[in-house]
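In case you want the letters, here they are:
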Amino acid sequence: MVNAARNEAEAVASYAALSMAAGRARQELPARAEHCARRIGGRVVIVDGWGNLLAASYPLSDRESRGLASRPGIMAALAGTASVDVRTSTIGGVEYLSVSAPVGEQGQPQGAVWLTVPTRMVHERVRHVWLLLAAGGLGVLIAVAAAGFAFACWAARPIRQLERATRALGAGGSFAPVPVTKGPPEVRRLAAAFNHTAARLAHLLASQRAFAGEASHQLKTPLAALRLRLENLQPHVAARARGTLKAALTETDRLARMVEVLLAMARLEENVATPAPVDIGEICAERHRSWLPMFQQQNVSLVLFAGSVGQVLAVPGAVEQILDNLLSNALRHSPAGATVTVELRLNPPARRALRDGRPCQVDLHVTDEGPGMTAEQRARAFDRFWRAPGAPKGGTGLGLALVQRLAHASGGEAMLQAAATGGLDAVISLPSASPPESVGSSDSSGSRPRERPALPA
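Predicted model only: the values in this text are computed from it and were never measured. (Residues numbered from 1 in each chain as written. Predicted model: local features only at pLDDT ≥ 70, side-chain atom pairs only at ≥ 80, totals over all residues. Heavy atoms only, no water.)

(A) Structural context of helix H5 (residues 120–170). Here H5 spans 70 Å end to end across 51 residues, near enough to the 75 Å set by a 1.5 Å rise per residue. Where H5 bends most, the angle comes to about 35 degrees, and this point is Ala-156, followed within four residues by the proline Pro-158. Ala-155, Pro-158, Gln-161, Leu-162, Ala-165 and Leu-169 are the residues of H5 that are buried. (Helix = DSSP H or I, 4+ residues; strand = E, 2+ residues; numbered from the N terminus. Expected span 1.5 Å × (residues − 1). Bend = angle between axes of the 7 residues up to and from the residue. Buried < 20%, exposed > 50% of the residue type's maximum accessible area, 1.4 Å probe, protein only.)

Rendered as structure tokens:
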């Protein structure tokens, strides 16, 4: 724009010099000034060597005409120097472009040409270019986003198939191979590795399932036959050998219990059942009635405190097996005249200012008055086949391991604590099936739920 305005000023100056030399300046220059002003969209002023107005493309007052010679651009042109000036407003916006050029030979100016061009057109062109750049950039971003989305969908489709296959395999569903011909090379290699691993895992699970089913028949029948044969030998065994026969019967019973527990653990690992609501109070009362004659036979008291704790979430049959194993261990380690206590306690979550939606926990305590365990022994008690030093004969070392597995499968926890009576306190924590505000009947002081009458031996 500056170059175009300078060229126009020089062209008008050359024309003005010719007109002034021919003596036709007053006749020709006004039309030339108006024509140039229309072409450039601005204003044109032509003065003589003394600063007097010769022609203007717009009307000027007498005061403005007399003040032309004092304008910086015209003064510079009358001195023989062309100038370019950009005038700005007080708020920083460009208003117009001013260009001046001398008329006549350099060093002997005969007048001056002064052009002013508004810069609104430049601003409009700049804004137009910025809009084009923004539209082009937005178009490029949209194109890149579309291409990236298409690529992401192409790359993520086999990953989603892998996710669905993994979730189905983890939920115990049948194994279905995923395609290995889609997606990036890394995803295809991952799909191939998953298919191999899943096929191997399915084969191992099928082998374990077949072993559990076959062992259930192949081991129970010989053990039952062995015990029957040993019992049939009892009338024909000398008195001095009956102790050995009794020990053989005891070991046979121990082996049968071990087989039962191992098969139960195998079935538990094979079929992960979904926890369901069960009435733990009723189960405790039923197992209390079943075990009470055995405790009375050993002269051990069995007391039940079944509080109003509602239902808990547990794998079907898990609470019964947990109680049977814990009561069996407690009876085995309790001396004559001791007391074994079964107690249910409600363990609500810590109260907060806002409503707490976490479920309550119901703690099942089985406490005995036996020799107890050290902290190190309690830490190892849930290991398979581990037995405490000095433990009575007849155990398999698998009961507590099965208890822990059943508790974890039900979403709970199993732990051993030192009892206040000197024995062991086995605690099974299970999630409540009822919301916190509807479980139990705790008062505002946070006391324990209202309990049913104890059922002593």
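(B) Highlighting a nonpolar patch on the surface. A cluster of nonpolar residues, Val-126, Val-129, Trp-130 and Leu-133, forms a patch on the protein surface that exposes about 420 Å² of accessible area. Note that Leu-133 resides in helix H5. (Patch = residues over 30% accessible without salt bridge, like charges linked within 9 Å, V, L, I, M, F, W, Y side chains within 5 Å. Areas by Shrake-Rupley, 256 points an atom, 1.4 Å probe, with all protein chains shown as cover. Salt bridge = Lys/Arg side-chain N within 4 Å of Asp/Glu carboxyl O.)

(C) Structural view of helix H8 (residues 280–297). The end-to-end C-alpha distance of H8, which contains 18 residues, comes to 26 Å, matching closely the 26 Å that a straight helix rising 1.5 Å per residue would cover. Remark: the principal bend of H8, roughly 40 degrees, maps to Trp-291, with a proline, Pro-293, within the next four residues. For H8, every residue scored as buried is listed here: Ile-280, Gly-281, Ile-283, Cys-284, Ala-285, Arg-287, His-288, Trp-291, Leu-292 and Phe-295. For H8, the capping residue at the N-terminal end is Asp-279, with a side-chain oxygen 3.2 Å from the backbone nitrogen of Gly-281. Among the residues trailing H8, Asn-299 stands out with phi positive, at a value near 60 degrees. (Polar contact = N/O pair within 3.5 Å; in protein donor to acceptor, adjacent residues only side chain to side chain.)

(D) Seen up close, empty space enclosed by the protein. Summed over all chains, the structure comprises one cavity of 30 Å³ or more. Each pocket or cavity is described by its volume, and for the largest cavity that value is around 40 Å³. Surrounding the largest cavity, Cys-284, Arg-287, His-288, Leu-302, Leu-304, Leu-323, Leu-327 and Val-342 form its lining. A total of three residues in the lining of the largest cavity trace back to one element, the largest contributor, which is H8. (1 Å grid on protein atoms, 1.4 Å probe; cavity = no way out; pocket = protein on both sides within 12 Å on 5 of 7 lines; lining within 4 Å. Points joined across faces, edges and corners; volume = space filled by probe spheres on them.)

(E) Quick look at the pairing of strand E9 (residues 339–347). Bridge analysis of strand E7 (residues 301–305) against E9 gives five bridges, and the strand direction is parallel. If you follow Val-303 over to E9, its bridge partner there is Thr-341. For E9 and strand E10 (residues 361–367), the ladder comprises seven bridges, and the chain directions are antiparallel. Note on E10: the bridge partner recorded for Leu-344 is Leu-364. (Pairing = 2+ DSSP bridges.)

(F) Highlighting the nonpolar core. Grouped together as the largest cluster of nonpolar side chains are 46 residues, with contacts concentrated most on Ile-280, Val-342 and Ile-428. The element contributing the most residues to this core is helix H9 (residues 318–333), with eight residues. Formed by 23 residues, the second largest nonpolar core is a distinct cluster that contains Val-44, Leu-54, Ala-55 and Val-113. (Core = buried A, V, L, I, M, F, W, Y, C linked by side-chain atoms within 4.5 Å.)

(G) Quick look at the sheet that holds strand E11 (residues 413–418). Strand order across the open sheet formed by five strands is E7-E9-E10-E12-E11, with mixed pairing between neighbours. Each edge of the open sheet carries a strand with a single partner, namely E7 and E11. Between one strand axis and the next, the sheet turns by 20 degrees as a mean value, whatever way the strands run. Sheet contacts for H8: E7, E9, E10 and strand E12 (424–431); angle to E7, the most-contacted strand, approximately 170 degrees. Sheet strands in contact with helix H11 (residues 399–409) are E11 and E12, and its direction is about 130 degrees off that of E11. (Axes fitted to C-alpha atoms, helices over the stretch in contact; angles between N-to-C directions. Contact = heavy atoms within 4.5 Å.)

(H) Expanded view of the packing of aromatic side chains. In the structure shown here, the tally under the stated rule is two aromatic pairs. Here the aromatic rings of Phe-151 and Trp-154 are separated by 5.6 Å at their centres, their planes lie at 45 degrees, and the arrangement is tilted. Placement of the pair is Phe-151 and Trp-154 together in helix H5, with a separation of three residues, close to one helical turn. Owing to a relative accessible area of 39%, Trp-154 belongs among the partly exposed residues under this scheme. Between Trp-291 and Phe-295 the ring centres are 6.3 Å apart and the planes differ by 70 degrees, which places this aromatic pair in the edge-to-face class. Separated by four residues within a single helix, Trp-291 and Phe-295 lie in helix H8, roughly one turn from each other. The exposure class assigned to Trp-291 is buried, which follows from its relative accessible area of 11%. (Phe/Tyr/Trp six-rings, centres within 6.5 Å; stacked < 30°, edge-to-face > 60°.)

(I) Spotlight on the pattern of salt bridges. Tallied over the full model, the rule gives seven salt bridges. Here Arg-39 makes a salt bridge to Glu-8, at a shortest N to O gap of 2.5 Å. Note that Arg-39 is positioned in helix H2 (residues 25–40) and Glu-8 in helix H1 (residues 2–22), a separation of 31 residues in sequence. Overall, the relative accessible area of 42% leaves Arg-39 in the partly exposed class. By relative accessible area, Glu-8 is classed as buried at 17%. Between Arg-167 and Glu-163 there is a salt bridge, and its shortest N-O distance comes to 2.7 Å.

(J) Examining the pairing of E12 more closely. Where burial is concerned, most of E12 is hidden: eight out of the eight residues are buried. Here E12 shows no split at all, with Leu-424, Ala-426, Ile-428 and Leu-430 on one side and Asp-425, Val-427, Ser-429 and Pro-431 on the other all buried. Bridge count between E10 and E12: seven bridges; the pairing is antiparallel. Counted as the bridge partner of Leu-364 is Ile-428 from E12. For E11 and E12, the ladder comprises six bridges, and the chain directions are antiparallel. Looking across to E12, one finds that Leu-416 is bridged to Ala-426. Here E11 hands over to E12 after five residues, with Gly-422 in that stretch at a positive phi of 100 degrees.

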